[in-house]
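What follows is the residue order along each chain.
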Amino acid sequence: DAKTTQPPSMDCAEGRAANLPCNHSTISGNEYVYWYRQIHSQGPQYIIHGLKNNETNEMASLIITEDRKSSTLILPHATLRDTAVYYCIVRVTKGRRELIFGTGTLLAVQP
Amino acid sequence: DVKVTQSSRYLVKRTGEKVFLECVQDMDHENMFWYRQDPGLGLRLIYFSYDVKMKEKGDIPEGYSVSREKKERFSLILESASTNQTSMYLCASTLGGDYRYGYTFGSGTRLTVV
């Protein structure tokens, strides 16, 4: 699975959009981009994933660049409850079964 | 929604004790995983299982074993607990061979070995 690079921390004002970047320059054609988050003292929570096209669900949007070397997770209206560590993971959907987590981005939503 | 339940939220055990951490999922998932999480080290994979009675070592299996006698239950066993096994332990599950769907994690067990 390709390696990802994320900033260690970011701040965002409550009510504003939070844009979390992820670099995955060595991604291969059959690898998906997954995002998880972990709120303090809880287990990680799945947010969204995508291959090439931008994706949106009730939690967030995922924007993947055309060359697929980077992506951005967008929380459109951040709330204090979105304060968490956000993990970007790149992997194939078949074969190796386990998720490998990096160190993620600590998003702090400020009132 | 899939639910992954870990039997204890907090545990305190003595050095040398045999410790069992239990994890149960209710959606017939084939794959189950045990991770530990430590400050500055992130989540590290201990063991995983993709079928009943099957198990595979993750990145840090030393000092641990697992048991999967039933599909819904995956147990992590610390044969002789040591203080360096003080950690947050997280169980996860996912469906079958196509992992495009998300993994579901339990709430974690915070184990302290004294």
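Our subject is the structure that appears above.
Bear in mind that the values here come from a model prediction, so they are computed numbers and not experimental data. (Residues numbered from 1 in each chain as written. Chains lettered and ligands numbered in written order. Predicted model: local features only at pLDDT ≥ 70, side-chain atom pairs only at ≥ 80, totals over all residues. Heavy atoms only, no water.)

(A) Quick peek at the overall build of chain A. Assigned secondary structure in chain A consists of zero helices and nine strands. Radius of gyration (C-alpha) of chain A: 13 Å, near the 13 Å computed for a compact globule of 111 residues. Summarising its shape, the C-alpha atoms of chain A cover approximately 40 × 30 × 25 Å along the three principal directions. Relative to its full complement of 111 residues, chain A shows a buried share of 45%. For chain A, the accessible area works out to roughly 5,600 Å², and carbon and sulfur atoms hold 51% of it. Put simply, chain A has 11 plus and 10 minus side-chain charges, and the middle of one group is 6 Å from the middle of the other. (Helix = DSSP H or I, 4+ residues; strand = E, 2+ residues; numbered from the N terminus. Rg over C-alpha atoms; globule rule 2.2 N^0.38 Å. Buried < 20%, exposed > 50% of the residue type's maximum accessible area, 1.4 Å probe, protein only. Areas by Shrake-Rupley, 256 points an atom, 1.4 Å probe, with all protein chains shown as cover. Lys, Arg positive; Asp, Glu negative; His and termini not counted. Charge placed at Lys NZ, Arg CZ, Asp CG, Glu CD.)

(B) Fine view of the sheet that holds strand 5 (residues 55-56) of chain A. All names here are of chain A. Spatially, 2-7-6-5 is the arrangement adopted by the four strands of the open sheet, whose pairing is antiparallel. Each edge of the sheet is formed by a strand with only one pairing partner; in this case those strands are strand 2 (18-23) and strand 5. Relative to strand 7 (residues 70-75), strand 2 is paired through six bridges, and the arrangement is antiparallel. Across the sheet, Leu20 pairs through a bridge with Leu73, a residue of strand 7. (Pairing = 2+ DSSP bridges.)

(C) Geometry of the side chain of B:Ser75. Residue and element names in this part refer to chain B. Within the element layout of this structure, Ser75 appears in strand 8 (residues 73-78). The exposure class assigned to Ser75 is buried, which follows from its relative accessible area of 8%. Only 2.5 Å separates the side chain of Ser75 from the side chain of Glu22, close enough to count as a polar contact. Discounting residues that sit within four places of it in the chain, Ser75 has contacts with Leu21, Glu22, Trp34, Ser65, Val66 and Ser67. (Polar contact = N/O pair within 3.5 Å; in protein donor to acceptor, adjacent residues only side chain to side chain. Contact = heavy atoms within 4.5 Å.)

(D) Representation of the packing of aromatic side chains in the model. Scanning the entire structure with this criterion turns up twelve aromatic pairs over all chains. Every member of this aromatic cluster is reached through a ring pair, and the members are A:Tyr36, A:Tyr46, A:Tyr87, A:Phe101, B:Phe33, B:Tyr35, B:Phe48, B:Tyr103 and B:Phe105. Over the ring of B:Tyr10 we find B:Arg9; its NZ or CZ atom is 5.8 Å from the centre of that ring. (Phe/Tyr/Trp six-rings, centres within 6.5 Å; stacked < 30°, edge-to-face > 60°. Lys NZ or Arg CZ within 6 Å of the ring centre and 35° of its normal.)

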